[in-house]
Amino acid sequence: MPTRFWRASGRIDSDDSRAMTQFPDDYDPAEVESRLQQRWLDEETYRFDGDANDPDTAYVVDTPPPYPTGELHIGHALNWSYMDFAARFHRLQGDDVLFPQGWDCHGLPTEVKVEENEGIQRTDVPRDEFREMCVEHTRHQIDSMKETMRELGFSQDWNAEFRTMDPEYWGKTQQSFVEMADDDLVYRDEHPVNWCPRCGTAIADAEVEPIDREGTLHYVTFPGVDNDDIEIATTRPELLAACVAMAVHPDDERYDGREDDTFEVPLFGHEVEVVEDEDVDQEFGSGAVMICTFGDKQDVTWWAEHDLDLRAVFTEDGHLNGEAGDYAGLTIDEAKEAVADDLDAEGYLNDTEPTEQSVGACWRCDTPIEILSKEQWFVEVDKEAILERAEEVEWIPEHMHQRLVEWTEGMDWDWVISRQRVFATPIPAWECADCGHRHIATADETPVDPTEEPPAVGACPECGSDDWTGETDVMDTWMDSSITPMHLSGWPLDIDLDEFEPVSLRPQGHDIIRTWAFYTLLRTGELTGEKPWENILINGMVFGPDGNKMSKSRGNTVSPEEAVEEYSADAARQALALGGQPGSDVQFQWKEVKSASRFLTKLWNIVKFAAGHFDEDTPDIADPAYRDADDWIRSKATRVASDVEAEMEAYRFDAALRELREFAWNDLADDYVELAKGRLYNGRPGERDAARKTLYDVVSAVTRMLAPFSPHLADEIWQYLPGTEGSVHTADWPALDAYDEDVEARGEVIAEATREIRAWKSANGYPLNADLDDVELYFDPGSEVENVDTYDLSETINAPARVREGRPNVELVPVDVDGDDSEIGPEFRGDAGIVLQALNEADPAVIQAQKNSGDTITLEADGEEYELDADWVTVEEEYRAEGGEEVAVVETEFGTVLVYP
RNA sequence: GGGUUCGUGGUCUAGUGGUCAUGACGUCUCCCUUACAAGGAGAAGGUCGGUGGUUCGAAUCCGCCCGAACCCA
């Protein structure tokens, strides 16, 4: 086999199992991470070769296709880390994991960027040429984001990469459009839509963001026709020409009996009538408002409800049209000023005042949107069906479900899916130039660009003409991304719509619940009749080290590349995992990355120590004579593996990693390794083998469990462990099967005795490795553990250590009394507090005497007598060395330790 | 204005009714003991935002108040 990867030392071929003697002293993350990343790619370690549509064997991640901005930020890193933890964990569980990567290419920002880079307007060049420029630009953006994904060690299968701008993908978008049209879920109609005057396109509700700004409230007199004038308040005088009615609240006494009164619109002269509507805010301004077509969504509601005229005054590019008379041709802002001035000059303007207002703006360019009535393509929104499917999905965390419910319930318009742009999926439809009939493509003629090709149908089915005009409108990009689960499951080549099974996991941020999650529930749900996914994992946002939202202007941004360069991808990933439980926002903290990095070094050193005692036969050592310490760590490792597994299954990455780290550091490194050293260095062969085998099994288990979080270090360690093949990422979850409660209790005694004696040495000025004359362990009466194997303890504390029967030959002093709350509470109810207090104040010696002489304890408090079961009360006793004795007494959980220095 | 989430030692964080509240970072003391000083052994540090209630018992459940973030109008 050719040698492909060389370490800096040039001596090791990573394809070979490395001998223990070669274990490097130091871990060099920069070198290891990039080398392993290359190796995973070369060997296609994460290649998916299962059946994506088989829910019994496949674990499919509905990976977000990010918008190719060219920059993978730290929020992406959190989102993708969660996916990677889940994907890697499920691989270790033996599932067929499909972790793909898509790119949501289409959209306005790219068009704008390309126009900027090329110094052109999109209309300056032919559509296909402009589109090609966008594709080219997008390729570069994707490459740069992929590089960061690679540096972070994410385990996508790049064979499953998809780009929505590829015809193979957008053909599917078109096909899904056709399917929905066949079910009458897509229609074309004239309806008021949100319109961005700068981008020159319709946008959906989800694309409108509120922005706060200072406006001016104008008080304007509307002269009455054969009745009294009424003053209205408006922030938008430029809409006067579009005024079609005046509205007041039915309960507003100021306007009693004014319904149907007629008024003349100032400056423009047309007449409007008063309507009454409960939605009018009496507190605002004069309590009378003008209804225009359209100032905002409220106007649309009133317009429809009261069956008003339509007077449109805005053009698609944000100017006033001929309806506005003298003001035609002005921009909206110019008109606002000009109309206000003229109102003032003509005496209609009574007053103005500044006011805070919230206006809808285009989420891509922040330009305030207008509402225009336009003929557009719509997708029907079936709120009930969406809510029902959302209910079937498991939301993590659960409360994020509420966000979707609220958004869905608040939807009042269907989804406008047509955009008057270029770089997007073409709407596969044509209009007959002769009779106006609209024809939608059939599924088998997709992908098709109707501006380039005529429909397969040939002649118009209505009039027989073959003069077609291709639809130039394109689709909302969410039409592309809302079918990702279907795409991943192999539709339409491998499965039909009715064969679709929900994929395993949808991971995404809460900022796109109202878009990506909503539209996927709508589209994939409607098309397949199924919920799109089993679980949806919502991640929080990543805040800067100062606790604020990251922003360039605040200067508190941290890029994934920075964190990787400063420490390592493995450390950065751990820091993100521990930042909080999934769903909560994560404050990025360098100290977390640093402490993770230290843990990596620590683990490397643990393995370096362990590896020094391994040889090729270590994994196969059969039936070794385990001592208590071995059984203890084996049992604990078994329990940790089961706990970590449960946490990972529940997507509690923080809890899983925390438990794993504490086990590796506290139990394995601080306790077990220290206990086993005596046998490893000086034990007879049989004694050594038990410790070697134990060390091997536990190190191997820890390495595998850490692999989802820190895939590089884990895989590098794996290469050095004897008996391993290939990558740790193709290994199995640890199965030690050594859980034993009794043995764990015995091990705790040994570990605690070790700690206590070390603490005693520390407190008394002895070096940790000081020899002691003798150590005696006495168990408390009734202790669960009655004997332990002191061999390892003895080696570790450098002293003979024995378990002694009976009581230590020193003075025994009862020092404290404790009552069991969970027994005394329910028994004495309201008096429990008194009883507990009496117990605390009682003389421990008296209580002890009562315990010794019978099964009950009698207490007196507040003149009452209380009788307690003796088992509910614990008397704490301490042994005290008598003066002049050469012995120290150490109290522990399990009993008493006498130390003879 | 409606809704959701959150408030735990200096900082970040775990903990949904039961004895001394978890861990990390930071701080202090001692120690270079043959895996690791990016380490080891110890220590100090918290009225669990405030308040009222439910309960024998509340960081945990409920009400109100204060503060923060997000979603919606």
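Cut-offs applied
- Residues numbered from 1 in each chain as written.
- Chains lettered and ligands numbered in written order.
- Predicted model: local features only at pLDDT ≥ 70, side-chain atom pairs only at ≥ 80, totals over all residues.
- Heavy atoms only, no water.
- Phe/Tyr/Trp six-rings, centres within 6.5 Å; stacked < 30°, edge-to-face > 60°.
- Helix = DSSP H or I, 4+ residues; strand = E, 2+ residues; numbered from the N terminus.
- Buried < 20%, exposed > 50% of the residue type's maximum accessible area, 1.4 Å probe, protein only.
- Near = heavy atom within 4 Å.
- Polar contact = N/O pair within 3.5 Å; in protein donor to acceptor, adjacent residues only side chain to side chain.
- Contact = heavy atoms within 4.5 Å.
- Pairing = 2+ DSSP bridges.
- Axes fitted to C-alpha atoms, helices over the stretch in contact; angles between N-to-C directions.
- pLDDT = per-residue confidence, 0-100.
- Parallel < 35°, antiparallel > 145°, perpendicular 65-115°, else oblique.
- Salt bridge = Lys/Arg side-chain N within 4 Å of Asp/Glu carboxyl O.

**Section: the packing of aromatic side chains**
Tallying each qualifying case throughout the model produces 28 aromatic pairs. Measuring from ring centre to ring centre gives 6.2 Å for Y567 and W590, while their planes differ by 40°; the resulting arrangement is tilted. On the criterion of sequence distance, the pair formed by Y567 in the loop between α13 (560-566) and α14 (569-578) and W590 in helix α15 (residues 590-611) is long-range, its members being 23 residues apart. By relative accessible area, which is 27% here, W590 ends up partly exposed. Relative to F653, the ring of Y651 has its centre 6.1 Å away and its plane inclined at 85°; by these criteria the two rings are edge-to-face. Owing to a relative accessible area of 3%, Y651 belongs among the buried residues under this scheme.

**A look at the protein's contact with RNA strand B**
Contacts to RNA strand B come from 43 residues, most closely from E406, R514, W665, Y681 and R829. Counting only the atoms of RNA strand B that lie within 4 Å of the protein, the sugar and phosphate share comes to 69%. Here a sugar or linking oxygen of RNA strand B and a side-chain polar atom of R403 are 3.0 Å apart. Here a base nitrogen of RNA strand B sits 3.4 Å away from a polar atom, N or O, in the main chain of D821. When residues of the surface near RNA strand B are traced back to their parent elements, those giving at least two are α9 (400-409), α15, α17 (653-682), α20 (741-763) and α22 (821-828). If one sorts the elements of the surface near RNA strand B by residue count, α17 sits on top with ten residues.

**Thoughts on the environment of P354**
Mapping P354 onto the fold places it in strand β14 (residues 349-362). Sequence separation between P354 and Q574 is 220 residues, and the spatial gap between their C-alpha atoms is 51 Å. With near-sequence residues (within four places) excluded, P354 lies in contact with E214 and G215.

**Brief notes about the sheet that holds β14**
Taking strand neighbours across the sheet as the criterion, the three strands line up as β9-β7-β14 in an open arrangement whose pairing is antiparallel. With one partner strand each, in any of the chains shown, β9 (230-234) and β14 form the two edges of the open sheet. Taken pair by pair, the neighbouring strands of this sheet meet at an average axis angle of 20°, ignoring direction. Across 13 bridges, strand β7 (residues 208-222) lies against β14 in antiparallel orientation. Looking at β14, one finds that Y219 is bridged to D351.

**Re the confidence of the model for chain A**
Looking at chain A, the pLDDT average stands at 90 and 97% of residues meet or exceed 70. For the stretch residues 1-17, pLDDT sits under 50, and the model shows 36 contacts to residues farther than four places along the chain or on other chains. Predicted complex metrics record ipTM = 0.94 and pTM = 0.90.

**Topic: the packing of helix α8 (residues 383-392) against α9**
The N-to-C vectors of α8 and α9 enclose an angle of 175°; their axes lie 10 Å apart at closest approach. It follows that α8 is roughly antiparallel to α9 by the angle criterion. Along the contact surface, α8 presents K383, I386, L387, A390 and E391, while α9 presents H401, L404, V405, T408 and E409.

**Some details on the pattern of salt bridges**
According to the stated counting rule, one finds 52 salt bridges in the structure shown. Taking the shortest distance from any N to any O, the salt bridge between E375 and R438 comes out at 3.7 Å. Linking E375 in strand β15 (residues 370-379) with R438 in strand β20 (residues 438-440), this pair joins segments that are 63 residues apart in sequence. R438 gets classed as partly exposed once you look at its relative accessible area, which sits at 27%. Each of R188, E375, E431, R438 and E471 takes part in salt bridges that share partners, so that together they form one network.

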